Amino acid sequence: MRNLMAEPRNRYSIVSLAFHWGLALLVLAQVLLITANEATDGPISREFLQVHKALGLTVLVLTLARIGWRMANPALPMPPGTPDWQAFAAKATHVLFYVLLIAIPMFGWAASSAGGRDISWLGLFNWPLLPVERSRDLAGTFMDLHEAGVKVLYVLLALHVLAALKHHFVDRDNVLHRMIPLIPRRP
């Protein structure tokens, strides 16, 4: 029996798929939660924000774990014939994803810490605040950085999806199959 943790040759392992799609779903949940927070008032609005903060810290932890996994299990090579600029763009995009999936939650965490606002991790425990100066202005600066990072993430996500679709429909290679095994492998 093949090791389910190891990266197969023609697609990503179950662990890599779980990291990829788990983080994708968490990012989507973050968008929905902050949208719900902004569309409501009172206790329910604050609850959406608390869950947003808890899941943001979960994104941070899972991204660090994913980086560790990727260091031990290198990404699959690009399909033969991929132009060098596309291979470079793919690597740069993935590195930028990791940077943003660390920086965005860190800025949010720093904003809460500077504002002196506790972060409850899904009601189980309080996440420790960062040792930053308590300052409304500093909290605002961190929040501005958090929001700017989110905007860059949206652009990067759009490019990532477009590139995956290009591989599937234009290049007609197996790049999308490697992340979505339900898509049949092309010969």
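Everything below is about the structure printed above this text.
Below: a short report on this structure. Worth saying up front: this structure is predicted, and the values here are computed from it rather than measured. (Residues numbered from 1 in each chain as written. Predicted model: local features only at pLDDT ≥ 70, side-chain atom pairs only at ≥ 80, totals over all residues. Heavy atoms only, no water.)

Quick notes on the overall build of the chain
Thought 1: Scanning the chain from N- to C-terminus turns up five helices and two strands.
Thought 2: When contacts within the chain are restricted to residue pairs at least 6 apart in sequence, those whose partners lie at least 24 apart make up 63%.
Thought 3: Averaging the coordinates of the 17 positive side-chain charges in the chain and doing the same for the 12 negative ones gives two points 13 Å apart. (Helix = DSSP H or I, 4+ residues; strand = E, 2+ residues; numbered from the N terminus. Contact = heavy atoms within 4.5 Å. Lys, Arg positive; Asp, Glu negative; His and termini not counted. Charge placed at Lys NZ, Arg CZ, Asp CG, Glu CD.)

Examining the packing of helix H1 (residues 14–39) against helix H2 (residues 42–72)
Thought 1: The N-to-C vectors of H1 and H2 enclose an angle of 160°; their axes lie 9 Å apart at closest approach. Of the possible angle classes, the one that applies to H1 and H2 is roughly antiparallel. Where H1 crosses over H2, the two elements pack in a sense that is left-handed. (Axes fitted to C-alpha atoms, helices over the stretch in contact; angles between N-to-C directions. Parallel < 35°, antiparallel > 145°, perpendicular 65-115°, else oblique. Left-handed = near helix turned anticlockwise from the far one by under 90°.)

Some remarks on the packing of aromatic side chains
By convention here, two paired aromatic rings are described through the distance between centres and the angle between planes.
Thought 1: Considering all chains together, one arrives at four aromatic pairs under this definition.
Thought 2: For the pair Phe 107 and Phe 142, a centre-to-centre distance of 6.5 Å together with 25° between the ring planes defines the contact as stacked. Taken together, the residues span a long stretch of sequence, with Phe 107 in helix H3 (residues 84–114) and Phe 142 in helix H4 (residues 136–171) at a distance of 35 residues.
Thought 3: Residue classification places Phe 107 among the partly exposed residues on the basis of a relative accessible area of 26%.
Thought 4: Of the residues examined, Phe 142 reaches a relative accessible area of 16% and is grouped as buried.
Thought 5: With 5.8 Å between their ring centres and 75° between their planes, Trp 109 and Trp 127 make a pair best called edge-to-face. (Phe/Tyr/Trp six-rings, centres within 6.5 Å; stacked < 30°, edge-to-face > 60°. Buried < 20%, exposed > 50% of the residue type's maximum accessible area, 1.4 Å probe, protein only.)

Remarks on the side chain of Thr 82
Thought 1: Its location among the elements puts Thr 82 in the loop between H2 and H3.
Thought 2: When its relative accessible area of 17% is taken as the criterion, Thr 82 is described as buried.
Thought 3: Engagement of the side chain of Thr 82 in a polar contact is seen with the backbone oxygen of Pro 79, the distance being 2.6 Å. (Polar contact = N/O pair within 3.5 Å; in protein donor to acceptor, adjacent residues only side chain to side chain.)

Description of the nonpolar core
Thought 1: With twelve residues, the main nonpolar core is built from Leu 23, Leu 26, Val 27, Leu 33, Leu 55, Val 59, Phe 97, Leu 100, Leu 101, Ile 104, Leu 153 and Leu 156.
Thought 2: Of all the secondary structure elements, the ones that give two or more residues to this core are H1, H2, H3 and H4.
Thought 3: With sequence-adjacent residues up to four places away left out, Leu 156 is seen in contact with Thr 93, Leu 96, Phe 97 and Leu 100. (Core = buried A, V, L, I, M, F, W, Y, C linked by side-chain atoms within 4.5 Å.)

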